[in-house]
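# Report on the structure
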Amino acid sequence: MALQFYNTLHRTMEDFKPINKDEVGLYCCGPTVYNFAHIGNLRTYFFEDILRRVLERNGYTVKHVMNVTDVGHLSDDGDDGEDKMIKSAREKGWNVWQIAEHFTNAFFSDIDSLHIKTPQVVCKATDHIKDMQNLISQLEEKGLTYVSEGNVYYDTEGFTSYGEMALLDRQELMSGARVDIDTAKKNPRDFVLWFTKSKFEDQAMQWESPWGKGYPGWHLECSAMSTKYLGEQFDIHCGGVDHIPVHHTNEIAQTEGATGKSWVNYWLHGEFLLDQTGKMSKSKGDFLTLQKLKDMGYEAMDYRYFLLGAHYRSQLIFTYESLDSAKKARKNLEKKVLEFKSKVTGSIILDETGKLIIEEFNAALDQDMNMPRALSVVWKTVKAKNMLPEQKLAVLYDMDGILGLGLEALENVEVVEEPLDDKLLQLIREREDARKNKDFLKSDQLRDELLKQGIQIIDTPQGAQWKKV
Ligand code: AMP
Ligand code: ZN
């Protein structure tokens, strides 16, 4: 069966046919780095990771490109908010560049611990200002821009298919919705390409340009960088569903307006992770991060397993009860894998029985990444009565190429069953804290101290464990 994806562009399921036979160009809108990513943002990067793994499983080489929005951006899409980077810098007492670097590193550490593959090209907006300015010049030549009150606007009137993917006309007719009224704009849907004037002061990141000293509009970077690294036409563009009506709509207007060609063939959008009050958002202030989950004793793989349980196009409500269930299920899976490992007598080779199960697993993935169905095939394998442990392991290791749970690396560590005295437990906890805080000197000293007292600490993919020596 052919690999199929639900394409937002046509609101239908479509067979996937890449432009080049073996290579797929994949662009994913990346993080804004004025704060930590929340676990909702991470859901979107997780879905993109599954997409990349599924493409690779189908034999494609994937060129995965992601931007990092490190230019200060307004609190909303209009010119009436506060620059998020400046706000964050003021709160932390750092400069904007330090803010961007700090949260970029935090982001990559988060995705790394979630086993989300790093894109081959990670491009920062601040390194591509010239590319963005060139794009504005191209749009200017096509008569798609105008200057008003010091800012350069995109003239959406000149791009007849504006908002087609988002079905904007129809939606507006139905709901009677209105876009914000800005007197500088000819049309409420027009958006800024280059700011030289905004309603707030102290913009720290500014660059010289043919239109005056200023900074780019938010949507510009993705058009400029994706075409730079993937060409004027490429295969897949992704992001969260919130990007459909404005960000991706404006990206299409910019790129297709400039090149005159149709741009991306498949648009895939991940649904939102919600909290019990509704949408999770950074501007709400107190949002849930992966680090907070870790501080509460969860492992990153618990959250990955939690995400594996939902289809990427379904909304998912986060609760601690469901995270606990995911954690329990993952632990059971690990226990089973360790049990199979301990019972293996023959070599772990994928045979015909295994291949049949894998076909079922692949069929679920190939149909628009039906992860819940694929996960049920994983459990079917675990529970199969007619398979030897080595046959099951061969299948599970293969499936883990998608699951990304690190099943093959699992080690059976002998856990001390008799209780340790409080002093030793305290030392173990202190060492865990030191490791969490990246105080490796202290953590090594504590490890040595524990060893002197007959306790060996073993760091495993599942966290630190210990045994008596
Ligand atoms: P941001 O850093 O805010 O630009 O968002 C990064 C990515 O996370 C984008 O692709 C957004 O569409 C996505 N996103 C934002 N909020 C959520 C959420 N609650 N659930 C899932 N994805 C989200
Ligand atoms: Zn984007």
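Residues numbered from 1 in each chain as written. Chains lettered and ligands numbered in written order. Predicted model: local features only at pLDDT ≥ 70, side-chain atom pairs only at ≥ 80, totals over all residues. Heavy atoms only, no water.

### A few points about the site of ligand 1
Around ligand 1, 16 residues are found, and the nearest of them are Thr32, Gly40, Thr44, Asp242 and Leu273. Between ligand 1 and Asn41, the relevant distance is 3.0 Å, taken from an oxygen atom to a side-chain nitrogen or oxygen of the residue. Between Gly240 and ligand 1, the recorded distance is 3.1 Å, taken from a backbone N or O atom to an oxygen atom. Where the shell around ligand 1 is concerned, the elements lending two or more residues are α1 (39–57) and β10 (234–240). The element contributing the most residues to the shell around ligand 1 is α1, with four residues. For the shell around ligand 1, a count of residues per class yields five nonpolar, eight polar and three charged. (Near = heavy atom within 4 Å. Polar contact = N/O pair within 3.5 Å; in protein donor to acceptor, adjacent residues only side chain to side chain. Helix = DSSP H or I, 4+ residues; strand = E, 2+ residues; numbered from the N terminus. Nonpolar A, V, L, I, M, F, W, Y, C, P; charged D, E, K, R; others polar.)

### Re the sheet that holds β10
Strand order in the open sheet made by the five strands is β5-β4-β3-β10-β11, with parallel pairing throughout. The open sheet terminates on both sides in strands that have one partner only, identified here as β5 (121–124) and β11 (264–270). Between one strand and the next, the sheet's axes are offset by a mean angle of 20°, whatever the strand orientation. Here strand β3 (residues 23–28) pairs with strand β4 (residues 61–68) via six bridges, running parallel. Across the sheet, residue Val24 finds its bridge partner in β4, namely Val62. Contacts from helix α6 (residues 220–230) reach β3, β4, β5 and β10 within the one sheet, and its direction differs from that of β4 by about 150°. (Pairing = 2+ DSSP bridges. Axes fitted to C-alpha atoms, helices over the stretch in contact; angles between N-to-C directions. Contact = heavy atoms within 4.5 Å.)

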